[in-house]
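Per-entry structural report
Take a look at the letters that make up each chain.
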Amino acid sequence: MIPFRFILADLRRLWVGSLVVVLLIAGATALGMAVNLQERALRLGSARAAERFDLVIGAAGSDTQLVLSAVFLQPSPLTLLPGSVLQALTTDPRVAMAAPVGFGDSFDGMPVVGTTAAFVLDNGRETLLEGRAFDAVPEAVIGANVPLAIGDQVKPLHGLPGEGGHTHGELSYSVVGRMRETGTPWDRAILVPIEGVWRIHHLGEGHEGASVSEHADAADHDHEHDADDAEAHGAGRIGPPWVNPPGIPAIIVKAKTIADAYRLRSEYRKDTTLGVFPAEVLTRLFSTLGDVRKVLSVIAMATQALVAAAIVLVCVVHLAQRRRQLAALRALGAPRSAIFALVWSELLALVAVGVASGVALGYVGARVFAQWLSQASGIVGPVMLTMQDVWLAFGLLAIAAIMATIPGVMAYRQSTAVALRA
Amino acid sequence: MLGVVVRDVTVCVRGLAEPVIDLPSLSIAAGEKVAVTGPSGAGKTTLINVLTGLERPSKGQVLWSGTDIARLSEAQRDAWRARHVGIVFQDFHLFSGLSVRDNVLLPQQLRSFRLPPGSRERAESLLRRVGIERHDQRVETLSRGEMQRVAIARALQQEPGILVADEPTASLDTESAKGVISLLIDLSASLGTTLIVVTHDGNLAQAMDRTICLDRGRLVMPAARAA
Ligand SMILES: Nc1ncnc2c1ncn2[C@@H]1O[C@H](COP(=O)(O)OP(=O)(O)O)[C@@H](O)[C@H]1O
Ligand SMILES: [Mg+2]
């Protein structure tokens, strides 16, 4: 048989061509791989992010924006819902949980979100990683990745993360609990009672005995009259039910039954309110993304086909240049099968190295992209190789193994005497 | 040591009305040293190819000590050639990237998974006999004369009964050519190998037992050369 050293010497002698072939294959494989991995990661990651959010109700406007704000905590100015909607929902018999979410403040670049203890515990279906849920206004629960500890103080800054702003000197929360990791933007959020958000913005507390603040507009109030004013409302009760609650950007609703959820959604799809199923919006979003992915996979496949064609061409040219070498091997006694094996295995070795490095490259590429994405959006896309990818790699190898028989057979069939004259 | 009897051999190729070679009868005795001469295009290489089984004649018999290689299948001819024939080419056909020693061992490795014991020693002693001392040297770094001497060692590695060389000195300078000629003659004599050399070199032809002269594919009287 052809000695291994001979094959090595051959590949070393032809290293430029070999390297180009390996790089071409690696590039084409990586492209296809990265598209697959990234799409899957994004789909899984955002589906996971939307899990908790059965029905989101906000003021009439863009449903995509509502989902991006309420589910993915993307900072954007949402029109407020009137408090009456919250009040109605909390007393609605079809509703298991109606949790307001109030945005607008941040701490150290992390969003501070006002909500209810029920939402923190996903209406009793979740437990915390440590500590407990808040049960008074000056308490906060932090996301898994918030770099704070139980007992730390949080003084929110008015304004969205990254926008800067001024501190609300009047209110400081102490951290009492930490949520489990969810792989969503909520891992970087600080959850406080919605009453705290209302109080900071002097909107009242939405509970009996607490007078609705005269400073109705949240954006432009002065903070001169802080401490005692806030203190006057006292360590009031938090959570539902509310009486005349102030406006909120969005409400997360868990219906008792699926039918109720659909009924509620259509009821709240009116002139002034908007009810959406985040999963539905995401599906629509992803069908758009899916088209993009289709285009990308077609591009990836076309690239792979082009690379395959280029490699066949390279092989045929290469074989023409090697005719004399192969003929000499046969004249020296190599059986025809050895010539076939030589050409075939050299080619397959290059393809195997190319595919392997392509898979690695695609994986690393998808990881880097996912990292960047999760830094930018907080969505942790689980980039993982599945059997599907393994099969893809094997499929490429199998195709290569079949294609490599073409030059192999050409080498096998050439006439020694004629080739030696060339 | 093998001898050959060629009977009624013709080689025809497409597009040529006349056969490339047409030999009613030709024999070479075992151990004989034969020079093959003739003008370019006379059919010398074709004759060598037929004798070594690289090419199958259109008709006729090529009997090497009783075996008609013209009737063997391609795979059988490959095996027969590997077993019995050592070939020296005009342009060496050494494999660059491999050492001198690995080049000598290569034909043997092409046919077996494991080198028979003593192969390396034989390769090294043959290399010393052709005057090559550095066996780990990459073959592409040798001079042309040295390359042809390595090729001779390679051809003799498997103790062939027949040593064939097609214009082995045509691409060498006079000095190297002389060395190669004397190596071919001395080694085949001491190893008892039948030697067939295609050559235009008068010196080489002179040193052989006999000269076969070809012209347009037919044997012509060697006397014609002497005249
Ligand atoms: N396969 C072939 N196809 C066409 N012509 C051939 C083929 N083989 C040999 N010939 C022709 O046969 C003649 C003899 O060739 P060759 O044996 O190489 O001559 P020499 O070695 O004496 O120079 C040449 O004219 C050559 O062109
Ligand atoms: Mg010739």
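As the structure is a computational prediction, the values presented were derived from the model and not from experiment. (Residues numbered from 1 in each chain as written. Chains lettered and ligands numbered in written order. Predicted model: local features only at pLDDT ≥ 70, side-chain atom pairs only at ≥ 80, totals over all residues. Heavy atoms only, no water.)

Focus on the overall build of chain A
From N to C terminus, chain A includes 13 helices and eleven strands. Sequence-distant contacts in chain A: of pairs separated by 6 or more residues, those separated by 24 or more amount to 77%. When the accessible area of chain A is evaluated, it comes to approximately 19100 Å², of which 64% is carbon and sulfur surface. (Helix = DSSP H or I, 4+ residues; strand = E, 2+ residues; numbered from the N terminus. Contact = heavy atoms within 4.5 Å. Areas by Shrake-Rupley, 256 points an atom, 1.4 Å probe, with all protein chains shown as cover.)

Regarding the domain arrangement of chain A
Many authors give the size of an interface as the accessible area that is lost as the parts come together. Residue and element names in this part refer to chain A. The assigned domain composition of chain A is domain 1 (4-47 + 284-421) and domain 2 (55-276). Every contact between the two is made by eight residues of domain 1 and, on the other side, seven residues of domain 2. Interface area for domain 1 against domain 2, summed over the two sides, is near 600 Å², with a carbon-plus-sulfur share of 53%. Our count for the domain 1 to domain 2 interface comes out at one salt bridge. One salt bridge connects Arg284 with Asp63, and the closest N-O pair in it is separated by 3.1 Å. For the interface between domain 1 and domain 2, the tally reads two residue pairs in polar contact (both at pLDDT 80 or more). For the side of domain 1 that touches domain 2, the secondary structure elements donating two or more residues are helix H9 (278-331) and helix H10 (336-377). (Domains from an automatic or database assignment. Buried area = accessible area lost by both parts, 1.4 Å probe. Salt bridge = Lys/Arg side-chain N within 4 Å of Asp/Glu carboxyl O. Polar contact = N/O pair within 3.5 Å; in protein donor to acceptor, adjacent residues only side chain to side chain.)

Thoughts on a nonpolar patch on the surface
All names here are of chain A. A cluster of nonpolar side chains, contributed by Trp15, Val16, Leu19, Val20, Leu23 and Leu24, occupies part of the molecular surface with about 570 Å² of accessible area. Within the secondary structure layout, Trp15 lies in helix H2 (residues 15-50). The exposed category is assigned to Trp15, whose relative accessible area is 53%. (Patch = residues over 30% accessible without salt bridge, like charges linked within 9 Å, V, L, I, M, F, W, Y side chains within 5 Å. Buried < 20%, exposed > 50% of the residue type's maximum accessible area, 1.4 Å probe, protein only.)

Re the pattern of salt bridges
All names here are of chain A. Applying the stated criterion to the full structure yields 28 salt bridges over all chains. Residue Asp10 is joined to Arg13 by a salt bridge in which the shortest nitrogen-to-oxygen separation is 2.4 Å. Of the two residues, Asp10 and Arg13 are both situated in helix H1 (residues 4-13); the distance of three residues between them amounts to about one turn of the helix. Residue classification places Asp10 among the buried residues on the basis of a relative accessible area of 2%. By relative accessible area, Arg13 is classed as partly exposed at 38%. Salt-bridge contacts for Arg263 lead to Asp260; the nearest nitrogen and oxygen are separated by 3.0 Å.

Describing the pairing of strand S7 (residues 162-166) of chain B
Residues and elements named next belong to chain B. Across the five residues that make up S7, a large majority, five, are buried. A two-sided burial pattern is seen for S7, the buried positions comprising Ile162, Val164 and Asp166 on one face and Leu163 and Ala165 on the other. As paired elements, strand S6 (residues 85-88) and S7 share four bridges and run parallel to each other. Looking at S7, one finds that Ile87 is bridged to Val164. Alignment of S7 against strand S8 (residues 194-198), held across five bridges, turns out to be parallel. (Pairing = 2+ DSSP bridges.)

Observations regarding the side chain of Glu195(A)
Residues and elements named next belong to chain A. Position of Glu195 among the secondary structure elements: in helix H6 (residues 194-200). Judged by its relative accessible area of 1%, Glu195 falls in the buried class. A distance of 2.8 Å separates a polar atom in the side chain of Glu195 from a polar atom in the side chain of Trp242.

So, the side chain of Thr116(A)
All names here are of chain A. Position of Thr116 relative to the elements: it lies in the loop between strand S3 (110-115) and helix H5 (117-120). Overall, the relative accessible area of 3% leaves Thr116 in the buried class. Discounting chain neighbours no more than four positions away, the residues touching Thr116 are Ala99, Pro100, Phe134, Pro240 and Trp242.

A short note on helix H3 (residues 100-111) of chain B
Count 3.6 residues to each turn of an α-helix, and residues three or four apart come out pointing the same way. The element H3(B) is largely enclosed, with a buried count of eleven among its twelve residues. Where H3(B) is concerned, the buried positions are Val100(B), Arg101(B), Asp102(B), Asn103(B), Val104(B), Leu105(B), Leu106(B), Pro107(B), Gln108(B), Gln109(B) and Leu110(B). Structurally, H3(B) contributes buried residues whose contacts are with H1 and H9 of chain A together with helix H4 (119-129) and helix H5 (144-156) of chain B.

Things to note about the interface of chain B and chain A
Each side of the interface is counted separately: chain B has 27 residues, and chain A has 23 residues. Interface area for chain B against chain A, summed over the two sides, is near 2300 Å², with a carbon-plus-sulfur share of 58%. Sorting the residues of chain B by area buried against chain A places His93(B), Phe95(B) and Leu110(B) first, and these three jointly supply 27% of that buried surface. Counting across the chain B and chain A interface gives five salt bridges.

Let's talk about the nonpolar core
Among the nonpolar cores identified, the biggest contains 80 residues, and Leu329(A), Val62(B), Trp64(B) and Ile196(B) are the most heavily contacted of them. Per-element accounting of this core gives the leading share, twelve residues, to H10(A). Every residue in contact with Leu329(A), bar those within four places of it in the chain, is listed here: Ile2(A), Phe6(A), Ala334(A), Ile339(A), Leu342(A), Phe95(B), Leu106(B) and Leu110(B). Leu171(A), Val176(A), Met179(A) and Ile238(A) belong to the second largest nonpolar core, which has 50 residues in total. (Core = buried A, V, L, I, M, F, W, Y, C linked by side-chain atoms within 4.5 Å.)

Some words on the sheet that holds strand S1 (residues 4-11) of chain B
Residues and elements named next belong to chain B. The strand order across the open sheet built from four strands is S2-S1-S4-S5, with neighbouring strands paired in antiparallel fashion. Two strands in the sheet have a free side with no partner beyond their single neighbour: strand S2 (21-28) and strand S5 (67-68). Direction of pairing for strand S4 (residues 59-64) relative to S5: antiparallel, over a ladder of two bridges. Within the sheet, the bridge partner assigned to Trp64 lies in S5 and is Thr67.

Description of the pairing of strand S10 (residues 250-255) of chain A
Side chains on a regular strand alternate between the two faces of the sheet. Residue and element names in this part refer to chain A. With six of its six residues buried, S10 lies for the most part within the structure. Side chains Ala250, Ile252 and Lys254 project from S10 onto one buried face, and the interleaved Ile251, Val253 and Ala255 project onto a second face that is buried too. Examined bridge by bridge, strand S1 (residues 55-59) and S10 share four bridges and lie antiparallel to one another. Within S10, the position partnered with Gly58 by the bridge is Ala250. Summarising the sheet, strand S2 (residues 95-107) and S10 pair through six bridges and their orientation is antiparallel. Residue pairing in the sheet places Val101 in a bridge with Ala250 of S10.

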